[in-house]
Amino acid sequence: MARIVLERFLQEQEGTIPSKTLINSMLRDPSQIPDGVLANQVYQCTVNDCCYGPLVDCIKHAIGHEHEVLLREMLLEKNLSFLAEEQLRAKGYDKTPDFILEVPVAVEGHIIHWIESKASFGDECSHQAYLNDQFWSYWNRFGPGLVIYWYGFIEELDCHRERGILLKDCFPTDIVTLRHSMAQH
């Protein structure tokens, strides 16, 4: 709502449609808005936005980080060797999953090279965006992988297994490692 009000205000003031860059800058820093009352109202709208405001962003980020730490602990507990996202970025990778396994594993008969943690529910809209923005890039660079939607997902979305992207709602219990499979022979 604040965006619409601010756009209309600026359009009336300047007689032209304001750029998205200007609008975004003023939404992030309402002190740039020339009208003090409007600046305060935009600030109040932004702070109190229960869906997309900065407080909600902080909470989502904290929950996401918490689940990445949980996943790291589970990988360590299973003695799986991995590189974390921050290690990969230090090596110059720009798009990286949360973890790349240094030695691939099998989950439900599928080879896994990387794992991405999503502390959210996998609905059709968000999953499609993640596929396009992240998962297929990971698949292209690192091979097949696993996405864990910690709060569940719509089952029909798990339709790319044969192409190399598995979905789970928890850490897999049936991981087969090279060491494990060699011990069976």
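Check the entry above for the structure.
Rules behind the numbers
Per chain, residue numbering runs from 1 following the sequence as it is written. This being a predicted model, a pLDDT of at least 70 is required before a residue's local features are given, and a value of 80 or more before pairs of side-chain atoms are given or counted; all residues contribute to the totals for chains, interfaces and linings. The side-chain values count all of the structure's non-hydrogen atoms but skip hydrogen atoms and water molecules. Here a cavity denotes a set of grid points, spaced 1 Å apart and computed over the protein atoms alone, in which a 1.4 Å probe fits but from which it cannot get out, and a pocket denotes an open set meeting protein on both sides within 12 Å along at least five of seven lines; residues with an atom within 4 Å of a point are reported as lining. Grid points are joined across faces, edges and corners, and a volume is the space filled by probe spheres set on the points. A run of H or I in DSSP becomes a helix once it reaches four residues, and a run of E becomes a strand once it reaches two; helices and strands are each numbered from the N terminus. Each residue gets one label: Ala, Val, Leu, Ile, Met, Phe, Trp, Tyr, Cys and Pro are nonpolar, Asp, Glu, Lys and Arg are charged, and the others, such as Gly, are polar. A pairing counts as a salt bridge when a side-chain nitrogen of Lys or Arg comes within 4 Å of a carboxyl oxygen of Asp or Glu. With a 1.4 Å probe rolled over the protein chains alone, any residue whose accessible area is under 20% of its type maximum counts as buried; one over 50% counts as exposed, and the rest are partly exposed. Whenever a helix is involved, its axis is fitted only over the stretch in contact; in every case the axis is a line through C-alpha atoms, and angles between N-to-C directions fall within 0 to 180 degrees. For classification purposes, an angle smaller than 35 degrees is called roughly parallel, one larger than 145 roughly antiparallel, one from 65 to 115 roughly perpendicular, and anything else oblique. In a left-handed crossing the near helix is turned counterclockwise from the far helix by less than a right angle, and in a right-handed crossing that turn is clockwise. The contact definition used throughout considers only heavy atoms, calling two residues in contact when any of these lie within 4.5 Å. Only buried residues count toward a nonpolar core. Its members are Ala, Val, Leu, Ile, Met, Phe, Trp, Tyr and Cys residues joined through side-chain atoms within 4.5 Å.

Novice: Is there a simple way to explain the layout of surface pockets in this structure?
Specialist: Its boundaries defined by the atoms lining it, the largest pocket holds a volume of some 520 Å³. What lines the largest pocket is a set of 21 residues, among which Lys60, Gly64, Ala119, Ser120 and Tyr130 lie closest to the centre. Residue assignment for the lining of the largest pocket shows that the elements contributing at least two residues are α4 (54–77), β3 (110–118) and α6 (124–142). Among the elements that line the lining of the largest pocket, the one with the most residues is α4, at seven residues. Approximately 320 Å³ is the volume attributed to the second largest pocket. Residue lining of the second largest pocket: 13 residues in total, with Ala2, Leu27, Thr46, Asp49 and Tyr52 positioned closest to the centre. Taken together, the elements giving at least two residues each to the lining of the second largest pocket come down to α1 (2–14), α2 (20–28), α3 (36–47) and α4. No other element matches the three residues that α2 contributes to the lining of the second largest pocket. Residues of the lining of the second largest pocket, tallied by class, amount to six nonpolar, three polar and four charged.

Novice: What is the right way to look at the pattern of salt bridges in this model?
Specialist: Between side chains of opposite charge, pairing is possible as soon as their charged atoms come close. Under the definition given, this model contains seven salt bridges. Its salt-bridge partner being Arg72, residue Glu86 comes within 2.8 Å of it at the nearest N-O pair. Of the two residues, Glu86 sits in helix α5 (residues 85–90) while Arg72 sits in helix α4, which places them 14 residues apart along the sequence. Judged by relative accessible area, Arg72 falls into the partly exposed class, the value being 28%. Salt bridges sharing common partners tie together Glu108, Asp158, Arg161 and Lys168.

Novice: Can you walk me through the packing of α1 against α3 in this structure?
Specialist: Interaxial distance between α1 and α3 falls to 9 Å at its minimum, and their mutual angle equals 160 degrees. Relative to α3, the element α1 is oriented roughly antiparallel. In the crossing of α1 with α3, the sense of the turn from one axis to the other is left-handed. Contacts from Ala2, Val5, Leu6 and Phe9 in α1 reach Leu38, Val42 and Cys45 in α3. Residue classes in the contact of α1 with α3 are distributed as seven nonpolar, no polar and no charged.

Novice: Is there a simple way to explain the nonpolar core in this structure?
Specialist: The nonpolar side chains of a soluble globular protein tend to be buried with one another. With 17 residues, the main nonpolar core has Leu71, Leu75, Ile112 and Ile115 as its most contacted residues. Elements with a minimum of two residues in this core: α4, β1 (82–84), β2 (99–107), β3 and β4 (145–149). The element best represented in this core is β2, accounting for four residues. With near-sequence residues (within four places) excluded, Ile112 lies in contact with Leu101, Pro104, Val105, Val107, Pro144, Gly145, Leu146 and Leu166. Counting residues in each nonpolar core, the second largest holds 15 residues, with Leu88, Phe135, Trp136 and Ile165 among its members.

Remember that the coordinates give geometry; whether it matters functionally is a separate question.
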